Amino acid sequence: IRISDATGILANQSVQIWQGYNGLVYLTFTGLTDGFDYSEYPTEVTIHCKDMMKLPIDNFLVSESTDPAQPYFTFNQVLAESAVQQILVDSKVTNYVIGSSSPPYYIGDPTRSPEFEWRVNLVSAADACTSVGSLIGWHLWATPDGYIHFDNLDPVPQVTSVWTYRDGPGGNIKGITVSVT
């Protein structure tokens, strides 16, 4: 997003982009501000944004254990989707949709030795969720409405149309309105 004044816009601020033409407008992006680039001439601020996966990507699972023999998070006999839900909640994700596995997929096996526990430490929440997904064939993704999904996808559906615009004479872009919430 490029604007002439970014006063009042902060890091991790919510952003929505609505696009359309001829009276039809669609939500095509929901995310968070990620960075700012300032230009002196012409006076312009470029705001970099990421979709809602920014939260689990930027948050890391770090064990606070004081036991040097167990420097990690341990998941044992936990439903895969429950582990992912807990990781997303710990990453401050509030809008998520998690599928239900059938038959249920459990992480870890308490009837076997400890090496069958699922252990993580010093890994991003997104990588931890993707790791669980790889165990059961599920995927983690964000949609334009700002929700993060964890579910079985085969194949991954296209959630939006492909948007292509041109500006200038004969282009599709007639005007852009920016509002900050």
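Everything numeric in this text was worked out from a predicted model, so none of it was measured.

Asks: Before we go on, may I ask you to explain the overall build of the protein in this structure?
Replies: Across its full length, the protein carries three helices and 13 strands. The 181 residues of the protein split such that 33% are buried. In the protein, of all internal contacts separated by at least 6 residues, the share reaching a separation of at least 24 is 54%. Approximately 11,700 Å² of the protein is accessible, and the part contributed by carbon and sulfur atoms is 52%.

Asks: Would you mind showing me how to read the pattern of salt bridges here?
Replies: One side chain can pair with another of opposite charge once the charged atoms of both are near each other. For the structure shown, the criterion picks out three salt bridges. Put simply, aspartate 34 and lysine 50 hold a salt bridge, and the shortest N to O gap is 3.7 Å. Of this pair, aspartate 34 sits in strand β3 (residues 24-39) while lysine 50 sits in strand β4 (residues 44-51), and the two are 16 residues apart along the sequence. When the shortest N-O distance is used, the salt bridge between aspartate 58 and lysine 54 registers 2.5 Å. Here the residue aspartate 58 and the residue lysine 54 both occupy positions in helix α1 (residues 54-58), the gap between them amounting to four residues, near one helical turn.

Asks: For this particular structure, what's the right way to read the side chain of threonine 46?
Replies: Take threonine 46: it is sitting in strand β4. Residue threonine 46 is classed as buried on the basis of its relative accessible area of 16%. The contacts of threonine 46, once residues within four sequence positions are left out, are Ile1, Arg2, Gly35, Phe36 and Asp37.

Asks: Teacher, can you tell me more about a nonpolar patch on the surface here?
Replies: Taken together, the side chains of Phe60, Val62 and Leu122 define a hydrophobic patch exposed on the protein surface, amounting to about 330 Å² of accessible area. The residue leucine 122 is located in the loop between β10 (118-120) and β11 (123-124) in this model.

Asks: Help me understand the sheet that holds strand β2 (residues 14-21), please; the structure alone is not making it clear to me.
Replies: As a general point, the strands of a sheet are linked pairwise by backbone hydrogen bonds and lie either parallel or antiparallel. An order of β1-β4-β3-β2 is seen for the four strands of this open sheet, with the pairing classed as antiparallel. The strands lining the two open edges of the sheet, one partner per strand, are β1 (2-3) and β2. Looking at chain direction, β2 and β3 are connected through eight bridges and run antiparallel. Bridge assignment links serine 14 to a residue of β3, and that residue is leucine 32.

What counts and what doesn't
- Residues numbered from 1 in each chain as written.
- Predicted model: local features only at pLDDT ≥ 70, side-chain atom pairs only at ≥ 80, totals over all residues.
- Heavy atoms only, no water.
- Helix = DSSP H or I, 4+ residues; strand = E, 2+ residues; numbered from the N terminus.
- Buried < 20%, exposed > 50% of the residue type's maximum accessible area, 1.4 Å probe, protein only.
- Contact = heavy atoms within 4.5 Å.
- Areas by Shrake-Rupley, 256 points an atom, 1.4 Å probe, with all protein chains shown as cover.
- Salt bridge = Lys/Arg side-chain N within 4 Å of Asp/Glu carboxyl O.
- Patch = residues over 30% accessible without salt bridge, like charges linked within 9 Å, V, L, I, M, F, W, Y side chains within 5 Å.
- Pairing = 2+ DSSP bridges.

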